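# Structural features, examined
So the chains spell out like this:
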Amino acid sequence: MTKAKRVVVSWSSGKDSTLTLERLNENPLYQVVGLYTTYVDKEVPFQVTLLEVVQMQADLLGLPLITIELPEVFPSNDIYQSTIVNALQNSGLNVEAVVFGDMFCNGIAEYRRSYIEPAGWECVFPLLGEESRVLAIEIVDRGIQTMLVTTDGEVLQSEWCGRWYDKALIESFPGHIDPCGENGEFHTLVTSTPSFQGHIELTMLEVQIGERFSHQRYQAKALPKQI
């Protein structure tokens, strides 16, 4: 019998990494031993998810969370890569592979392999190359509850912030919008998924509108599953 490979998941707090995790949990070839997330000023870039909310997700999953501080949202490649590798090496977790939720075959897999594999880990991409609309429907059908929390105003207006990601929303996207937001049109926050032992309750605050990006602000509370 093949021993399950011990993996850590790159965790954004959104739907893509959550779908990746759910698939891994169903695959006997892998054992998820932890999550890692990068942050700047106590927030995950793009999603602008507070670290305390990411920790809520990890706690609901019963997994350790490696938090990796970046000096800025877009550090140089050398700084970004060495920061990730050093943090994983010093995490105390016995890791054999690093898993990413990338979908598009646009060179991202080769880029990630360029710094992960020399450190001695395998790169795993469970979603790579699959069709966005099919993946979008899978996210909904699996019961992954997620909200649009960031929109790029150059392609998707602020009015979309705070909307729940469901089939009606997917069908209502303008034609130029990828159903999974893989061109950066929007980013999401997951509040519930089958692997959570409970869910996150959100209280909506304002939509913060910037020069380009808009963010749904909220208060979050983790509610463990009742036994």
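Structure: see above.
Throughout what follows, the structure given in this document is the object of discussion. (Residues numbered from 1 in each chain as written. Predicted model: local features only at pLDDT ≥ 70, side-chain atom pairs only at ≥ 80, totals over all residues. Heavy atoms only, no water.)

## Description of the overall build of the chain
Note the cut-off: By definition, any uninterrupted DSSP run of H or I lasting at least four residues is a helix, any uninterrupted run of E lasting at least two residues is a strand, and each is numbered from the N terminus. Exposed residues in this analysis have more than 50% of their type's maximum accessible area, buried residues have under 20%, and partly exposed residues fall in between, with area computed by a 1.4 Å probe over protein chains only. We call two residues in contact when some of their heavy atoms are within 4.5 Å. Throughout, the Shrake-Rupley method with a 1.4 Å probe supplies accessible areas, and for residues the shown protein chains are the sole cover considered. Only four residue types enter the tally: Lys and Arg on the positive side, Asp and Glu on the negative side, with His and both chain ends excluded. By convention, the charge on Lys lies at NZ, on Arg at CZ, on Asp at CG and on Glu at CD.
Tallying secondary structure elements over the chain gives six helices and eleven strands in all. With the C-alpha coordinates aligned to their principal axes, the bounding extent of the chain is approximately 45 × 45 × 35 Å. A total of 227 residues make up the chain; the buried ones form 50% of that total. In the chain, of all internal contacts separated by at least 6 residues, the share reaching a separation of at least 24 is 69%. Accessible area of the chain: about 10900 Å², with a carbon and sulfur share of 49%. Considering the chain, the positive charge centre built from 16 side chains and the negative charge centre built from 30 side chains are found 6 Å apart.

## Observations concerning unusual backbone geometry
The phi dihedral of Ser13 falls on the positive side, at around 90 degrees, and the residue is not glycine. Position of Ser13 relative to the elements: it lies in the loop between β1 (5–10) and α1 (15–26).

## With respect to the environment of Glu26
Within the secondary structure layout, Glu26 lies in helix α1. Accessibility expressed as a relative area gives 54% for Glu26, which makes it exposed.

## Quick notes on the pattern of salt bridges
Rules: Counted as salt bridges are all cases of a side-chain nitrogen of Lys or Arg within 4 Å of a carboxyl oxygen of Asp or Glu.
Here the structure, examined in full by the defined rule, presents 14 salt bridges. One salt bridge in this structure joins Glu130 and Arg23, with 2.6 Å as the shortest N-O distance. Of the two residues, Glu130 sits in the loop between β7 (122–124) and α5 (132–141) while Arg23 sits in helix α1, which places them 107 residues apart along the sequence. In this structure Arg23 comes out as buried when scored by relative accessible area, which is 18%. With its nearest N and O atoms 2.7 Å apart, the salt bridge here joins Glu138 to Arg23. Of this pair, Glu138 sits in helix α5 while Arg23 is found in helix α1, placing the two residues 115 residues apart along the sequence.

## Structural notes on the side chain of Asp102
Considering the arrangement of structural elements, one finds Asp102 in the loop between β6 (97–99) and α4 (108–116). The class of Asp102 is buried, set by a relative accessible area of 13%. Excluding residues that lie within four positions of it along the chain, Asp102 makes contacts with Ile108, Arg112, Phe125, Leu127 and Leu128.

## Some points on the environment of Asp141
Heads up, the condition is: Whenever a nitrogen or oxygen atom comes within 3.5 Å of another N or O atom, the pair is scored as a polar contact, on the condition that within protein one atom can donate a hydrogen and the other can accept it, and that pairs from neighbouring residues in sequence are kept only if both atoms are in side chains.
In this structure, Asp141 sits in helix α5. Between the C-alpha atom of Asp141 and that of Glu22, which follows or precedes it by 119 residues, the distance is 12 Å. Within polar-contact distance, the side chain of Asp141 engages the side chain of Lys167 at 2.9 Å.

## Remarks on α5
The line we're drawing: To obtain the arc, one takes the directions from the helix axis to the C-beta atoms.
Looking at α5, one finds that the buried residues are Ser132, Leu135, Ala136, Glu138 and Ile139. The buried residues of α5 all sit within an arc of 160 degrees when viewed along its axis, so they share a single face. Residues of α5 that are exposed and angled more than 90 degrees away from the buried face: Val134 and Asp141. Where α5 is buried, its residues touch α1 and α6 (167–172). Directly after α5, the chain includes Gly143, whose backbone phi takes a positive value near 85 degrees.

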